Amino acid sequence: MKIGLFIPCYVDAVYPEVGMATYKLLRHLGLDVDYPDGQTCCGQPMANAGFERMAVPLAGRFERLFAACDYVVAPSVSCTAFVRLNYPRLLDHQCTTAAKAMDVVEFLHDVVKVRQRLGTFNHRVSLHNSCHGVRELHLSSPSEQHVPPFNKIKDLLALVDGCQVVEPERPDECCGFGGMFAVEETAVSAQMGRDKVERHIATGAEYVTGPDCSCLMHMAGVARKQGLEIRFKHVVEILAAGL
């Protein structure tokens, strides 16, 4: 199968190491990975800000770039969720890429079904379950639905030698980022971030990990302003560590 690697704009600009780790991990697993040139933003920021029509040309471009791929894989739950749930409506026709778009965690867990040992990461890690991942991509069980617990991120981290995974109190509560929410409701967003970071620190973890750089960026900013000694790393970086 041919994998189209989609690297969202903020990952490309701010966290390129996450994109490189994703490519390295997929290639390590023997997959055929293509990175189409000319990638742009998926359109999520414009749509979330109320300018949805500005996202339509970007959706069309995405559709053309990845049309020949069997799967489109991205290290971002929010961008993946936007493509999968909104592109069919934005393009107003059958959208072939939307159904093929997957976050790297769900792709490795559900399609590749990785069971082999991966890298090594000898640290205690607190798991952050991002809202889009929990409630739109179903990477883990939402607490409000009282369903049998599951967590695809935790399943994959169990394949990393030395990685001790813990979860904070209220494990699927929002960190307060929410894209435009952090801009429009700064005080509320900052307080939610402080609460979340404190719960992660209470686990005794050295690192916080999760499937979305935007959440990790928000919490890292909170921790830096508070002078707190905890580090943040995207889950794919841990999965690829030492490979």
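Residues numbered from 1 in each chain as written. Predicted model: local features only at pLDDT ≥ 70, side-chain atom pairs only at ≥ 80, totals over all residues. Heavy atoms only, no water.

(A) Spotlight on the sheet that holds strand β5 (residues 124–127). Across the sheet, which stays open at both edges, the four strands sit in the order β6-β5-β7-β8 with parallel pairing between neighbours. Strands at the two margins of the open sheet, each flanked by one partner only, are β6 (164–166) and β8 (231–234). Averaged over neighbouring strand pairs, the angle between their axes works out to 35° when direction is ignored. When strand β7 (residues 207–210) meets β8, the two strands line up parallel, connected through four bridges. From the neighbouring strand, G210 faces β8, where its bridge partner is H234. Contacts between helix α12 (residues 213–226) and the sheet are confined to β7 and β8, with β8 contributing the most and set at about 170° to the helix. (Pairing = 2+ DSSP bridges. Helix = DSSP H or I, 4+ residues; strand = E, 2+ residues; numbered from the N terminus. Axes fitted to C-alpha atoms, helices over the stretch in contact; angles between N-to-C directions. Contact = heavy atoms within 4.5 Å.)

(B) Molecular detail of the domain arrangement of the protein chain. Splitting the protein chain by domain gives domain 1 (2–112) and domain 2 (124–239). For domain 1 versus domain 2, the distance between C-alpha centres works out to 21 Å. Counting from both sides, the interface comprises 26 residues of domain 1 and, opposite them, 21 residues of domain 2. Buried area between domain 1 and domain 2, summed over both chains or domains, comes out near 2000 Å², and the portion from carbon and sulfur atoms is 74%. When the buried area of domain 1 at its contact with domain 2 is split by residue, V77, V105 and H109 rank highest and sum to 29% of it. Counting the contacts that link domain 1 with domain 2 gives one salt bridge. For the salt bridge of D110 with K152, the shortest nitrogen-to-oxygen distance reads 2.7 Å. Summed over the shared surface of domain 1 and domain 2, the result is six residue pairs in polar contact (both at pLDDT 80 or more). For the side of domain 1 that touches domain 2, the per-class residue count stands at 14 nonpolar, seven polar and five charged. (Domains from an automatic or database assignment. Buried area = accessible area lost by both parts, 1.4 Å probe. Salt bridge = Lys/Arg side-chain N within 4 Å of Asp/Glu carboxyl O. Polar contact = N/O pair within 3.5 Å; in protein donor to acceptor, adjacent residues only side chain to side chain. Nonpolar A, V, L, I, M, F, W, Y, C, P; charged D, E, K, R; others polar.)

(C) Examining the packing of helix α4 (residues 56–65) against helix α5 (residues 77–91) more closely. One way to put it is that α4 packs onto α5 with a least axis distance of 10 Å and a crossing angle of 110°. Viewed along their axes, α4 and α5 adopt a mutual orientation that is roughly perpendicular. Facing α4, whose interface residues are V56, L58, A59, G60, F62 and E63, α5 presents V83, Y87, L90 and L91. Class assignment of the residues belonging to the contact of α4 with α5 gives a composition of eight nonpolar, one polar and one charged. (Parallel < 35°, antiparallel > 145°, perpendicular 65-115°, else oblique.)

(D) Structural view of the pairing of β7. Every second residue of β7 is oriented toward a common face, with Y207 and T209 on one face and V208 and G210 on the other, all of them buried. In the sheet, β5 pairs with β7 via three bridges, with the strands oriented parallel. Counted as the bridge partner of S126 is V208 from β7. (Buried < 20%, exposed > 50% of the residue type's maximum accessible area, 1.4 Å probe, protein only.)

(E) Representation of the layout of surface pockets. When its volume is computed, the largest pocket comes out at roughly 420 Å³. When residues of the lining of the largest pocket are traced back to their parent elements, those giving at least two are α1 (9–14), α3 (44–48), α5, α8 (131–135), α10 (180–184) and α12. When its residues are assigned to classes, the lining of the largest pocket shows 16 nonpolar, 10 polar and one charged. Each of domain 1 (2–112) and domain 2 (124–239) gives at least three residues to the lining of the largest pocket. The computed volume of the second largest pocket comes to approximately 250 Å³. Along the walls of the second largest pocket sit F177, A182, T186, S189, A190, R194, M217, H218, G221, V222, K225 and Q226, which together make up its complete lining. Of all the secondary-structure elements, those providing two or more residues to the lining of the second largest pocket are α11 (186–202) and α12. Tallying contributions element by element places α12 first for the lining of the second largest pocket, with six residues. Across the lining of the second largest pocket, the residue classes tally to five nonpolar, five polar and two charged. (1 Å grid on protein atoms, 1.4 Å probe; cavity = no way out; pocket = protein on both sides within 12 Å on 5 of 7 lines; lining within 4 Å. Points joined across faces, edges and corners; volume = space filled by probe spheres on them.)

(F) Quick look at the packing of α11 against α12. The geometry of α11 relative to α12 is characterised by a closest axis approach of 9 Å and an angle of 85° between their N-to-C directions. Relative to α12, α11 is oriented roughly perpendicular. Across from S189, A190, G193, R194, K196, V197 and H200 in α11, the residues of α12 making contact are H218, M219, V222, A223 and Q226. Looking at the contact of α11 with α12 residue by residue, the class counts come to five nonpolar, five polar and two charged.

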